[in-house]
Amino acid sequence: MTYAAPPPTADDPDSERAQFGRRLRALRRDRGWTLSELAERSGLAVSTLSKAERGLMSLTYDRMLQLARGIGVDMAELFTPDGTSFAPGSFAVAAKGEFKRQETPNYVYEMLFPEIRNKAMVPMMGTLKAHDLKDFDDFVRHPGQEFLIVLEGAITVFAEGKAPVTLRQGDSLYLDSSRGHLYASAGAQDARILVVCTEPDTTEPAPAEASGPRA
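Everything numeric here is computed off the predicted structure, so don't read it as measured data.

S.K.: With reference to specific residues and values, describe the sheet that holds strand β8 (residues 165–168).
M.R.: Ordered in space as β8-β7-β10, the three strands form an open sheet in which the pairing is antiparallel. Taken across any chain shown, the strands that pair with only one partner, and hence form the sheet edges, are β8 and β10 (181–185). Here the strands of the sheet are splayed against their neighbours by 25 degrees on average, with no regard to which way each runs. Here four bridges tie strand β7 (residues 154–159) to β8, and the two strands are oriented antiparallel to one another. Directly across from I155, in β8, lies its bridge partner L167.

Following this line, the structure appears as structure tokens:
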């Protein structure tokens with residue numbers, strides 16, 4: 001079976017942000033929850049959820065994961081109401097440019113196969129707009145394991161308790177995602193990466209949100 005997402009409006013991130021916000025609002029209202037109730041369930045601040053629903057803010061991967069766990073849905077359901085569970089024997093193909101985009105101040109996420117639910121892995125391509133540790137307010141942490149390979153340029157990996165590591169095109173990394181970590185472009189060029197994260201159980205309680213904005 002082949003799945004195909006609609007072509008993204010990659011040149012208009014605000015449109016993708018607005019679509020995500022409308023989908024989030026629909027999921028919340030379908031459950032009859034207020035923003036405060038969703039905040040309590042997800043561990044995200046009411047202000048964060050309000051901005052996301054109004055298309056004023058995009059969420060980083062760790063916050064999207066918290067949100068999905070708080071709602072009790074697969075992360076893919078945050079992007080589209082239509083989807084198919086990946087069953088044994090399934091076969092999915094995505095053409096170049098088929099993804100759902102989330103753009104934050106430091107990262108551009110290109111979520112691959114967003115219409116496939118219950119994936120064991122979450123594959124993403126992305127662009128690193130940040131170039132220094134000072135561009136971030138806190139490390140990113142989330143359950144699961146993570147694989148990264150540099151597609152273009154070079155990156156610096158910052159991990160709690162570790163010296164910074166520079167990776168260049170073709171270099172890769174595998175880590176425990178619960179260790180605080182950040183990725184930044186090394187040099188003037190915005191680097192391109194492919195990241196694959198394992199998908200934890202979204203029914204587990206979400207941790208409380210740390211103060212301050214993320215990447």
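Read on for the rest.
S.K.: Can you tell me about the packing of aromatic side chains, naming the residues and giving the values?
M.R.: Scanning the model with the defined rule gives three aromatic pairs in all. Consider the rings of Y107 and Y109, whose centres lie 5.8 Å apart with planes at 85 degrees: the pair is edge-to-face. Looking at Y109, the relative accessible area reads 10%, which means it is buried. Pairwise contacts between aromatic rings join Y107, Y109 and F136 into one cluster. Directly above the aromatic system of W33 lies the positively charged group of R31, at a separation of 6.0 Å from the ring centroid.

S.K.: I'd love a proper account of the pairing of strand β5 (residues 121–128), names of residues and values included.
M.R.: Note on strand geometry: in a regular strand, side chains alternate between the two faces of the sheet. Counting buried positions along β5 gives six out of eight residues, so the element sits mostly inside the fold. As defined by bridge partners, strand β3 (residues 107–111) adjoins β5 across five bridges and the pair is classed as antiparallel. What sits directly across from Y109, in β5, is G126.

The rules behind these values
- Per chain, residues are indexed from 1 in the order of the written sequence.
- Local features in this predicted model are restricted to residues whose pLDDT is 70 or higher, and side-chain atom pairs enter the listing and the counts only when it is 80 or higher, whereas totals over whole chains, interfaces and linings include all residues.
- Computation of side-chain values covers all heavy atoms of the structure but excludes hydrogens and water.
- Note: two strands are recorded as paired if DSSP finds a minimum of 2 bridges between them.
- Secondary structure follows DSSP: runs of H or I at least 4 residues long count as helices, runs of E at least 2 residues long count as strands, and numbering of each begins at the N terminus.
- Lines are fitted to the C-alpha atoms to define the axes, a helix being fitted only along its stretch in contact, and any angle between axes, read from their N-to-C directions, falls within 0 to 180 degrees.
- Put simply, two rings from Phe, Tyr or Trp (the six-membered ring, in Trp's case) pair if the centres are within 6.5 Å, and we call them stacked under 30 degrees between planes, edge-to-face over 60, tilted for the rest.
- Relative accessible area decides the class of each residue, using a 1.4 Å probe on protein chains only: under 20% of the type maximum gives buried, over 50% gives exposed, and in between gives partly exposed.
- Consider the ring centre and the ring normal. A charge sits over the ring if Lys NZ or Arg CZ is within 6 Å of that centre and within 35 degrees of that normal.

Geometric descriptors of this kind do not, in isolation, establish any biological role.
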